[in-house]
Amino acid sequence: MTDIASSPARLPGWLSALRNILAYLLRSPTSAFGLAVIAVLVLTAALAPWIATHDPFAQNLDNVLQPPGSGHLFGTDELGRDIFSRLVYGARITLRIIFLVSVVVGPIGLIVGATAGYVGGWMDAVLMRVTDIFLAFPSLILSLAFVAALGPSLGNAIIAIALTSWPPIARLARAETMTFRKADYIAAARLQGASPLRIILKSIIPMCLPSVVIRLTLNMATVILTAAGLGFLGLGAQPPEPEWGAMIATGRRYMIDSWWLVACPGVAILCVSLAFNLLGDGLRDALDPRQMNRR
Amino acid sequence: MTASLEIRDLSITFGEGPDAVKVLPSVSFSVAPGECFGLVGESGSGKSTVLRCVSLLTTIWSGEVKIDGRDLRELPLKQRCRLIQMVFQDPYGSLHPRQSVRTTLAEPLRIHGLDDHEGRMKRAMIEVGLPVGFLDRFPHQLSGGQRQRVAIARALILEPALLLLDEPTSALDVSVQAEILNLLARLREERGLTYVMVTHDLAVVDHMCDRFAVMLRGEITEILPREAIPGNQATHPYARELIGASLDYEGRA
């Protein structure tokens, strides 16, 4: 009897699964594009001090509204600040919003959905009616209301977006849970004496995880747009923070003569949200449990 | 370790009064320690339902189920789990698709706070005839027979006294069926386990069981010893018909 079964043998399996998924994503041009843009975004945010050519907050009133080129790659804004550098630092804000929202929304949606789906009965009714109430409002309007109540700031914008984007995740997790709550492996776990909490955490959530990750990735585009929208309305990041939506909002006044004030952050928002959509689509193909056997 | 099982007036009823629907009118039988008891009957006759009641996966029944003379419903959960385990029909649905064999086997050990996980898991794998290296495999890397062996290992790792077998071989190839049945027979001999086995294959009953009950529409028509099969000594007409059909089929095959 060979004794190859020890804990270090498990990590490569996990790693190779990740490699498989990456290889799968890179095979299709659209998801490869999405992955590349997001990689660039992350690198830009991480290396912002080295990539940025100017201080994003340094004003130079002798040099306002300069067109692209001439020492400023994307030109300067109405206070003479370098737009390229502001975009680079803005990547940090965008990533922070996406990361914090996903970290809050994913677990909440998973727990609420899995509990409602597995326990059923009155628990399901209560949790799903709460979810319905949140779903009944347009998400931007609800975030607006939250931010208005909490006071405009980046942190509150993140809280507001998180509060409005968990219900679809909970719905999804509940629907997934319903498909296998009667499965034999759940029955087997019950026969082993596992508590409902243990079954939800160990048996149900791993099954819901792929679709929730896909949904979260697709959600990120919406989160970016909502954050930019809140920034545009002056309810998100406050000046002088180089948030892309806020940049568009201030640039709007000079749009006719100085298009680059609006176009550059606009294209950045477009690219990043498109990239997350494409990546989410690719992930759906890569992680779909119904296609697992093909690989 | 071994245990007796006594079922008296097990029934499931929906509704009350004259409109009440009796899904399982009344089932009573008893199984001696170390015995293998078969439940046969056509589809929908309530065989699997009896197992789900005994394992308390279904709780809406009335009647009395006693294990070693103790009322099933009064047993604490953890104690019950260490007395009764179940092997399901479909090995493709009874193992968690995202858990390795190691996780599947370690979960019950963790829940019950048992020691020596590694040793217990290895012994369980060896007992069901799988290489210890398979511990790090996932269900989709195993064949149907291997999966069913893992399911048996999972059921046995808590060292139960009573094993409920819900058509443990019907989802498997014929050649693999025999292997699994022999494995189950050997385990019973070694551990003195008590089996309650649902099947609709009388050949399996003939091979495995000491006695068996023929069920029809949620009722036991007749309880027969294994020796009654070859000569078709059943007295109830339905049981006679069932055994006769099976003998006919095997005669022709």
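Residues numbered from 1 in each chain as written. Chains lettered and ligands numbered in written order. Predicted model: local features only at pLDDT ≥ 70, side-chain atom pairs only at ≥ 80, totals over all residues. Heavy atoms only, no water.

Some remarks on a nonpolar patch on the surface
Residue and element names in this part refer to chain A.
- Together, Phe99, Leu100, Val103, Val104 and Ile108 give the surface a local cluster of nonpolar side chains, amounting to about 410 Å² of exposed area.
- Summarising the element assignment, leucine 100 is placed in helix H4 (residues 83-119).
- A residue is classified by how much of its surface remains accessible, and leucine 100, at 33% relative accessible area, is partly exposed. (Patch = residues over 30% accessible without salt bridge, like charges linked within 9 Å, V, L, I, M, F, W, Y side chains within 5 Å. Areas by Shrake-Rupley, 256 points an atom, 1.4 Å probe, with all protein chains shown as cover. Salt bridge = Lys/Arg side-chain N within 4 Å of Asp/Glu carboxyl O. Helix = DSSP H or I, 4+ residues; strand = E, 2+ residues; numbered from the N terminus. Buried < 20%, exposed > 50% of the residue type's maximum accessible area, 1.4 Å probe, protein only.)

Quick look at the pairing of strand E3 (residues 36-41) of chain B
All names here are of chain B.
- Taking burial as the measure, the 6 residues of E3 include 6 buried ones, the bulk of the element.
- Of the two faces of E3, the one holding Cys36, Gly38 and Val40 and the one holding Phe37, Leu39 and Gly41 are both buried throughout.
- Two strands pair when backbone bridges link them, and E3 and strand E8 (residues 194-198) are joined in this way by 4 bridges, in the parallel orientation. Opposite leucine 39, over in E8, you have valine 198 as the bridge partner.
- For E3 and strand E9 (residues 211-216), the ladder comprises 5 bridges, and the chain directions are parallel. Looking at the pairing, phenylalanine 37 lines up with arginine 211 of E9. (Pairing = 2+ DSSP bridges.)

Looking at unusual backbone geometry
- Residues proline 239 of chain A and proline 240 of chain A are joined by a peptide bond in cis, for which omega reads 5°.
- Structurally, proline 240 of chain A is set in the loop between helix H9 (196-232) and helix H10 (244-251).
- One non-glycine residue, leucine 65 of chain A, adopts positive backbone phi at about 55°.
- Mapped onto the elements of the fold, leucine 65 of chain A is located in the loop between helix H3 (48-51) and H4.
- The phi torsion at leucine 56 of chain B lies on the positive side, around 65°, for a residue other than glycine.
- Judged by its relative accessible area of 11%, leucine 56 of chain B falls in the buried class.

A look at the pairing of strand E10 (residues 219-225) of chain B
- Note that E9 of chain B and E10 of chain B share 6 bridges and pair antiparallel. Looking across to E10 of chain B, one finds that alanine 213 of chain B is bridged to isoleucine 223 of chain B.

Description of the nonpolar core
- Leu105, Ile152, Leu184, Tyr195, Met197, Met208 and Phe212 of chain B are the most contacted members of the largest nonpolar core, which totals 53 residues.
- Setting aside anything within four residues of it in sequence, one finds isoleucine 152 of chain B in contact with Val87, Val128, Ile180, Leu183, Leu184 and Leu187 of chain B.
- The next biggest cluster of nonpolar side chains, apart from the first, holds 39 residues, and it includes Ile161, Ala189, Ile205 and Ala227 of chain A. (Core = buried A, V, L, I, M, F, W, Y, C linked by side-chain atoms within 4.5 Å. Contact = heavy atoms within 4.5 Å.)

Concerning the confidence of the model for chain A
- Model confidence for chain A is summarised by a mean pLDDT of 88, while 93% of its residues fall at 70 or above.
- Between residues 1-9 of chain A, whose pLDDT stays under 50, and residues either more than four places distant or in other chains, the model counts 15 contacts. (pLDDT = per-residue confidence, 0-100.)

Quick word on the pattern of salt bridges
- Tallied over the entire structure, the rule returns 22 salt bridges over all chains.
- Linking arginine 171 of chain A and aspartate 132 of chain A is a salt bridge whose minimum nitrogen-to-oxygen distance equals 2.8 Å. Taken together, the residues span a long stretch of sequence, with arginine 171 of chain A in helix H7 (residues 154-180) and aspartate 132 of chain A in helix H5 (residues 121-135) at a distance of 39 residues.
- Residue class for arginine 171 of chain A comes out partly exposed when judged on its relative accessible area of 33%.
- Each member of the salt-bridge network shares a partner with another, and the members are Arg198 and Lys202 of chain A together with Glu107 and Arg110 of chain B.

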